[in-house]
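# Coordinate inspection notes
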Amino acid sequence: MLIPCYAAIYLVTSLASKAQTQKHGITQANELVNLTEFFVNHILPDLKSANVNEFPVLKADGIKYIMIFRNQVPKEHLLVSIPLLINHLQAESIVVHTYAAHALERLFTMRGPNNATLFTAAEIAPFVEILLTNLFKALTLPGSSENEYIMKAIMRSFSLLQEAIIPYIPTLITQLTQKLLAVSKNPSKPHFNHYMFEAICLSIRITCKANPAAVVNFEEALFLVFTEILQNDVQEFIPYVFQVMSLLLETHKNDIPSSYMALFPHLLQPVLWERTGNIPALVRLLQAFLERGSNTIASAAADKIPGLLGVFQKLIASKANDHQGFYLLNSIIEHMPPESVDQYRKQIFILLFQRLQNSKTTKFIKSFLVFINLYCIKYGALALQEIFDGIQPKMFGMVLEKIIIPEIQKVSGNVEKKICAVGITKLLTECPPMMDTEYTKLWTPLLQSLIGLFELPEDDTIPDEEHFIDIEDTPGYQTAFSQLAFAGKKEHDPVGQMVNNPKIHLAQSLHKLSTACPGRVPSMVSTSLNAEALQYLQGYLQAASVTLL
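Bear in mind that the values here come from a model prediction, so they are computed numbers and not experimental data. (Residues numbered from 1 in each chain as written. Predicted model: local features only at pLDDT ≥ 70, side-chain atom pairs only at ≥ 80, totals over all residues. Heavy atoms only, no water.)

### A word on the overall build of the protein
So the rule is basically this: A run of DSSP states H or I qualifies as a helix once it reaches four residues; a run of E qualifies as a strand once it reaches two. Both are numbered from the N-terminal end. Exposure categories follow from relative accessible area, calculated using a 1.4 Å probe and restricted to protein chains: below 20% of the type maximum is buried, above 50% is exposed, and the middle band is partly exposed. Here the open area of atoms and residues is found with the Shrake-Rupley method and a 1.4 Å probe, where only the protein chains shown may cover a residue. Lys and Arg are tallied as positive, Asp and Glu as negative. Neither His nor the chain termini are counted. Here the site of a charge means NZ on Lys, CZ on Arg, CG on Asp, or CD on Glu.
Helix and strand content of the protein: 28 helices and 2 strands. In terms of principal-axis extent, the alpha carbons of the protein reach across some 95 × 55 × 45 Å. Put simply, the protein has 549 residues, and 51% of those count as buried. Summed over all atoms, the accessible surface of the protein reaches about 25300 Å², with 54% contributed by carbon and sulfur. If the 43 positive side-chain charges of the protein are averaged to one point and the 49 negative ones to another, these points end up 2 Å apart.

Structure representation (structure tokens):
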């Protein structure tokens, strides 16, 4: 009797499938085959059987049918199948409970109208407890202690259910940390490990969004395991640990807790930075330290600032990691008290100029432009001019002429462009040498380049020789960096509170400058700016309701 059932499922699957992708299942089906009717009459009855362990091949085929034809079966029928799939997570057969986990994960990623998830948290809410219980129980079944499909289903369930999982978090985080401790002894399943850390990040995000003070509970649960991972040098897990710690630290609203400050000196040890897989996560963690505890670092760990700058120096020398060096440097400039970095500022610029001279790349120039404009915003336009000319007379003019004016069009990213726009506006309107020295001849070309940054397409050309930058010497095996999606950092706008619209800001700043030296600004603009740029500028002035005097 059973052979025809297997054959029927196989036959329907073969006849109905016209086009299929791994991500979406069947995308085109044969219209002559009534897939819904077959699902209701043959698949559901098999899955409704009370004994999840009988006829495992038939049940596996039934679950596979749901996975394959999930886009053709109506939502109301799929919803009926969800508790049945949850029930089959208990099946002894590794194929059946793995298929059940994979089917649930695929269903939870389906999209409905407006690109929202097809199933809402409210629709799955009646099954939350049994879903979470059975998923974690499935990890205890023989052969599935590190089953990546089950862990991915756990991650996806957290993501879909959001606040609905909060009552269960204390139990869930305990189970996740126990699993983390167990697999850290011998990491062997990269995908399983990745989804496990994603699930941990989701637990933190969801809970702390509702109750930021709960971050302390996660630290208590995780830090013992994290300490063991770091002490035992579990290379595969260290980048993940740093990402989770960044997420936890960024959740704190006040000063850095002492437990983090005790770790800070260890993060500067050169051995950690030798592994390329550690670098993005370590930079992110140091940025979190600087954002949350710059005053604490300046007062209680001032002797570590040279170590911090040593990390920057190492990163800036690398074509592969120089952008990470700039991320760190930008955070130092933005957050550290000015007096704590005064003695190092000139040396920072000298290092950057040496790199520009020795191996200039488009990526480096883009990062350099963002940095000098951020520096200008933080310390003032005059301070930027003075530090350049303090290194070498007339260097400020050379930087304007050779780097800022011709290269600013290459800057990409909305926040990066905004930083450059505000910085250049300060150079134009708050730097006296731009108005009454030999640098005055560069004033209009600089304004022209700023209007180009606003209005022209981004210059994304890269010189031919940069398409084949040498792979740097990384002897032996290196753990790759894997970004955790749910540990992602929000985009930070350092000028967000100061400037909303940079075009309006330019117009207002030019108006203020023109009131200080009447007649000069309109004259410089009208005689040297090209017609198209002048038209754009008049639009900014009109939008800001100001004029040039």
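Moving on, there is more to tell.
### Let's talk about a positive patch on the surface
Heads up, the rule is: Patches here: salt-bridge-free residues with over 30% relative accessible area, like charges joined within 9 Å, nonpolar side chains (Val, Leu, Ile, Met, Phe, Trp, Tyr) joined within 5 Å. We define a salt bridge as a side-chain nitrogen of Lys or Arg found within 4 Å of a carboxyl oxygen belonging to Asp or Glu.
Side chains of Arg205, Lys209, Lys253 and Lys490 sit close together on the surface and give a patch of like positive charge. Along the chain, Lys253 falls in the loop between α12 (238–251) and α13 (258–267).

### Quick look at unusual backbone geometry
One non-glycine residue with positive phi stands out, namely Asp233, at about 55 degrees. Considering the arrangement of structural elements, one finds Asp233 in the loop between α11 (215–231) and α12. Residue Lys394 is not a glycine yet carries a positive backbone phi of 65 degrees. Relative to the assigned elements, Lys394 resides in the loop between α21 (381–391) and α22 (395–407). Judged by its relative accessible area of 52%, Lys394 is exposed.

### A look at the side chain of His97
The condition is simple: For this analysis, a polar contact is any N or O atom pair within 3.5 Å, provided that within protein one partner can donate a hydrogen and the other can accept it, and provided that sequence-adjacent residues contribute only side-chain to side-chain pairs. Contacts are residue-level and defined by heavy atoms, with any inter-residue pair within 4.5 Å sufficient.
Relative to the helices and strands, His97 resides in helix α5 (residues 94–109). A polar contact is formed between the side chain of His97 and the backbone oxygen of Ala91, at a distance of 2.8 Å. Ignoring anything within four residues of it in the chain, the contact list for His97 reads His88, Leu89, Ala91, Glu92, Leu141, Ser144, Asn147 and Ile150.

### Re the packing of aromatic side chains
To be explicit about the condition: Here the aromatic set is Phe, Tyr and Trp, taking the six-membered ring for Trp, and pairing holds for ring centres within 6.5 Å; pairs whose planes are under 30 degrees apart are stacked, those over 60 apart are edge-to-face, and all others are tilted.
Under the counting rule described, the total for this entry stands at 22 aromatic pairs. Measuring from ring centre to ring centre gives 5.3 Å for Phe197 and Phe237, while their planes differ by 80 degrees; the resulting arrangement is edge-to-face. In this pair, Phe197 is assigned in helix α10 (residues 190–210) and Phe237 in the loop between α11 and α12, connecting sequence segments 40 residues apart. The exposure classification of Phe197 matches that of Phe237, with both residues buried. Taking 5.2 Å as the distance between ring centres and 80 degrees as the angle between the ring planes, the aromatic pair formed by Phe396 and Tyr439 counts as edge-to-face. One end of the pair, Phe396, is in helix α22; the other, Tyr439, is in the loop between α24 (433–436) and α25 (443–455), with 43 residues separating them in the sequence. A relative accessible area of 0% places Phe396 in the buried class. Note on Tyr439: relative accessible area 7%, which makes it buried. Each residue in the set Phe326, Phe349, Phe353, Phe364, Phe368, Phe371, Tyr375, Tyr379, Phe388, Phe396 and Tyr439 is aromatic and connected to the rest through ring pairs, giving one cluster.

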